[in-house]
Amino acid sequence: MALTGIQIYKMLPQTNCKECGFPTCLAFAMKLAAKQVELSLCPYVSEESKAKLSEAAAPPVRPITLRSNGYSIPSGNEVVLFRHEKRFFSPAGIFLRVCDDEPLETLKEKVKTAAEYCVDYVGIDLRLDGIALQANGGDFSLALNAIREVCHLPLILIGDAPTLSSGIDQLEDGKLLLAHATEENWSEMADLAKKSKSALAVQASNVDSMVSLVKKITNAGIDDLVLSPTQNSLKGMLTANTIARRMALKKNFRDLGYPILNFPGNTADPAQETIVAAQAIGKYGSFIVLDHFRPETIYPLLVLRQNIYTDPQKPIQVQPDLYEINNPGPEDPVLVTTNFSITYFSVANEVESAGLPAWLLVCDAEGMSVLTAWAAGKFDAERIAKDVKRFHVQDKISRRRLVLPGHVAVLSGELEEELPGWEVTVGPREAVDIPSFLTQVVV
Ligand code: SF4
């Protein structure tokens, strides 16, 4: 059971020495109860209290990181059920499953294509995280070798203990996820996980069986567990994932406080797999194993994940600066916008793809879009004028001409007062209209 702030406070030294960075022991206790700080910040806790508090201070969802060759996929460590309460921390790792009975050349081609897939989304590289190899009666070691010939992403290995053990020895250092420990084989799988220092996925079809299996495996000394509910329908997976995460976060129920492994596929219908995977990204899937890899379905999943795991209080930003698009000269116009990534890329992409040369002055608006920033007082004439001077725009151009976004036409008069000698033009409201505006109005 989780301890309250007051219960924790009673176990602290109560000297208010401030060494932990908080003004009082009570303030520290409250943060500890909310799982927002580490107990190690207080150097004066007695050993007896430490033992009692370490349980309360442990993260409610155990952090587990899969690794290999410099790649890592963190999971767990979440503290809220809903993103708007704070933020989600560990983006779901997305894997592609291949089987050891596939022709090796086909397998290699599939893995290579998936591993090399990369899309630039508002300046962030979106890509697949790992490969899952399913034992299916083929040569597991050979299939593992074939994967490693073309990619070094983290792995999930799925099969029985003897088969998995035949392949593990040939792998480089790192941390694997082995699947699955079930009621029938958990002892063998636990031994293999212990020997290979791997995480172990525990599979059960209902909460009671899952809890009972987790207890047996943790009693055997394995702590890096991942829950793998058997359900893969929309309703079944949502229920299983939500119960586990809710029990972990709201009741501090340790036996369900682990990352979650989901298999949205197991069907010949890739569209259904994508829908279930999208739900798993939003609702507590930590590792998601797909059976299909197609750019048109992986892309929306990766974008969805990016959006869900972005801190809602910190918009994705680009560096404020004066950017050059299509090698502008001194006569070319200066477009003004804010440093919200999506705004920046919308404007830059439109101008770039139209082949028009322009300067793009990206002002520091604390990562907000044009209208939001203007309404919040973060994008006004004074700030724009300040950035014009800060980035020495006047040194790059011969014609002093700024194009404001149409949504903030109201700033044009004020901006001319802030920047005497500059001509201020009001551009279109939408980025898509910029190319025609530049060719018809500005040039
Ligand atoms: Fe209290 Fe420990 Fe913080 Fe000092 S460091 S104020 S004793 S919690």
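Conventions used here
- Residues numbered from 1 in each chain as written.
- Predicted model: local features only at pLDDT ≥ 70, side-chain atom pairs only at ≥ 80, totals over all residues.
- Heavy atoms only, no water.
- Helix = DSSP H or I, 4+ residues; strand = E, 2+ residues; numbered from the N terminus.
- Buried < 20%, exposed > 50% of the residue type's maximum accessible area, 1.4 Å probe, protein only.
- Contact = heavy atoms within 4.5 Å.
- Areas by Shrake-Rupley, 256 points an atom, 1.4 Å probe, with all protein chains shown as cover.
- Near = heavy atom within 4 Å.
- Nonpolar A, V, L, I, M, F, W, Y, C, P; charged D, E, K, R; others polar.
- Pairing = 2+ DSSP bridges.
- Arc of directions from axis to C-beta.
- Axes fitted to C-alpha atoms, helices over the stretch in contact; angles between N-to-C directions.
- Parallel < 35°, antiparallel > 145°, perpendicular 65-115°, else oblique.
- Left-handed = near helix turned anticlockwise from the far one by under 90°.
- Core = buried A, V, L, I, M, F, W, Y, C linked by side-chain atoms within 4.5 Å.
- Patch = residues over 30% accessible without salt bridge, like charges linked within 9 Å, V, L, I, M, F, W, Y side chains within 5 Å.
- Salt bridge = Lys/Arg side-chain N within 4 Å of Asp/Glu carboxyl O.
- Lys, Arg positive; Asp, Glu negative; His and termini not counted.
- Charge placed at Lys NZ, Arg CZ, Asp CG, Glu CD.
- Polar contact = N/O pair within 3.5 Å; in protein donor to acceptor, adjacent residues only side chain to side chain.
- Phe/Tyr/Trp six-rings, centres within 6.5 Å; stacked < 30°, edge-to-face > 60°.

> Go over the overall build of the protein with me, naming the residues and quoting the values.
When you go through the protein residue by residue, the secondary structure sums to 17 helices and 18 strands. For the protein, the spread of C-alpha atoms along the principal axes amounts to about 80 × 65 × 40 Å. Evaluated residue by residue, the protein yields a buried proportion of 49% over its 443 residues. Taking contacts inside the protein between residues at least 6 apart in sequence as the whole, the part at least 24 apart equals 66%. Only carbon and sulfur atoms are counted for the fraction: they give 51% of the accessible area of the protein, which is about 20,400 Å².

> Can you explain the site of the ligand? Please cite residues and give values.
Residues in contact with the ligand, as listed here, are Pro-13, Thr-15, Asn-16, Cys-17, Lys-18, Glu-19, Cys-20, Cys-25, Phe-28, Cys-42 and Pro-43. When grouped by side-chain class, the residues that make up the shell around the ligand number 7 nonpolar, 2 polar and 2 charged.

> Describe the pairing of strand 2 (residues 71-75), with residues and values.
Looking down a regular strand, the side chains alternate between one sheet face and the other. Across 5 bridges, strand 1 (residues 64-68) lies against strand 2 in antiparallel orientation. When the bridges of strand 2 are listed, Ile-64 appears paired with Ser-75.

> Let's hear about helix 2 (residues 25-33): which residues, and what values?
Taken together, the buried positions of helix 2 are Cys-25, Phe-28, Ala-29 and Leu-32. In a view along the axis of helix 2, the buried residues occupy a sector of 100 degrees, so they form one face of it. The positive-phi residue at the C-terminal boundary of helix 2 is Lys-35, with phi of around 60 degrees.

> Account for the packing of helix 5 (residues 140-150) against helix 6 (residues 161-168), naming residues and giving values.
Two elements in contact, helix 5 and helix 6, have axes whose closest approach is 8 Å; the angle formed by their N-to-C orientations is 45 degrees. Relative to helix 6, helix 5 is oriented oblique. The chirality of how helix 5 crosses helix 6 is right-handed. Contacts between helix 5 and helix 6 involve Phe-140, Ser-141 and Leu-144 from the first element and Thr-163, Leu-164, Ser-166, Gly-167 and Ile-168 from the second. Residue composition of the contact of helix 5 with helix 6, by class: 4 nonpolar, 4 polar and no charged.

> So what about the nonpolar core? Which residues, and what values?
Judged by nonpolar contacts, the single largest core of 90 residues is most densely connected at Leu-157 and Leu-178. The contacts of Leu-157, once residues within four sequence positions are left out, are Leu-133, Phe-140, Leu-144, Leu-164, Ile-168, Leu-171, Leu-176, Leu-177, Leu-178 and Ala-179. With 26 residues, the next largest nonpolar core counts Phe-379, Ala-381, Ala-385 and Leu-402 among its residues.

> Outline a negative patch on the surface, listing residues and values.
A cluster of acidic side chains, namely Glu-382, Glu-414, Glu-416, Glu-417 and Glu-418, defines a negative patch on the protein surface. Ranked by the residues each element gives to the negative patch, the list is headed by helix 16 (residues 412-418), at 4 residues. Structurally, the position occupied by Glu-417 is in helix 16. Taking relative accessible area as the criterion, Glu-417 reaches 67% and is therefore assigned exposed.

> How would you explain a nonpolar patch on the surface if you had to name every residue and give the values?
A cluster of nonpolar residues, Ile-6, Leu-26 and Met-30, forms a patch on the protein surface that exposes about 240 Å² of accessible area. With respect to the helices, strands and loops of the structure, Met-30 is situated in helix 2.

> Tell me about the side chain of Arg-148, and name the residues and values.
Of note, Arg-148 is situated in helix 5. Within the structure, Arg-148 has its side chain in polar contact with the backbone oxygen of Leu-153 (distance 3.0 Å). Residues in contact with Arg-148, not counting those within four places in the same chain, are Ser-68, Leu-153, Leu-155, Leu-171 and Glu-172.

> Explain the pattern of salt bridges to me, using residue names and the numbers behind them.
In total, this model carries 18 salt bridges according to the counting rule given. The residue Lys-112 makes a salt bridge to Glu-116 at a minimum N-O spacing of 3.3 Å. Note that Lys-112 and Glu-116 are positioned in helix 4 (residues 104-116) at a spacing of 4 residues, about one turn of the helix. Between Glu-423 and Arg-399 there is a salt bridge, with the nearest N and O atoms lying 3.6 Å from each other. Taken together, the residues Glu-423 in strand 18 (residues 423-426) and Arg-399 in the loop between helix 15 (393-396) and strand 17 (401-404) connect sequence positions 24 residues apart. Given the relative accessible area of 34%, Glu-423 is considered partly exposed. In this structure Arg-399 comes out as partly exposed when scored by relative accessible area, which is 34%.

> Hey, could you go over the packing of aromatic side chains for me, with residue numbers and the actual values?
This structure, assessed with the given rule, holds 6 aromatic pairs. An angle of 50 degrees between the planes, with centres 5.7 Å apart, marks the rings of Phe-88 and Tyr-309 as tilted. Of this pair, Phe-88 sits in the loop between strand 2 and strand 3 (93-99) while Tyr-309 sits in the loop between helix 11 (295-308) and strand 14 (321-325); the two residues are 221 residues apart in sequence, bridging distant segments of the chain. In this structure, Phe-88 and Tyr-309 share a single accessibility class: buried. Relative to Phe-345, the ring of Tyr-344 lies with its centre 4.9 Å away and its plane at 80 degrees, an arrangement referred to as edge-to-face. Grouping aromatic residues by their ring pairs yields a cluster made of Tyr-323, Tyr-344 and Phe-345.

Note that all results are geometric; they support no functional claim without further evidence.
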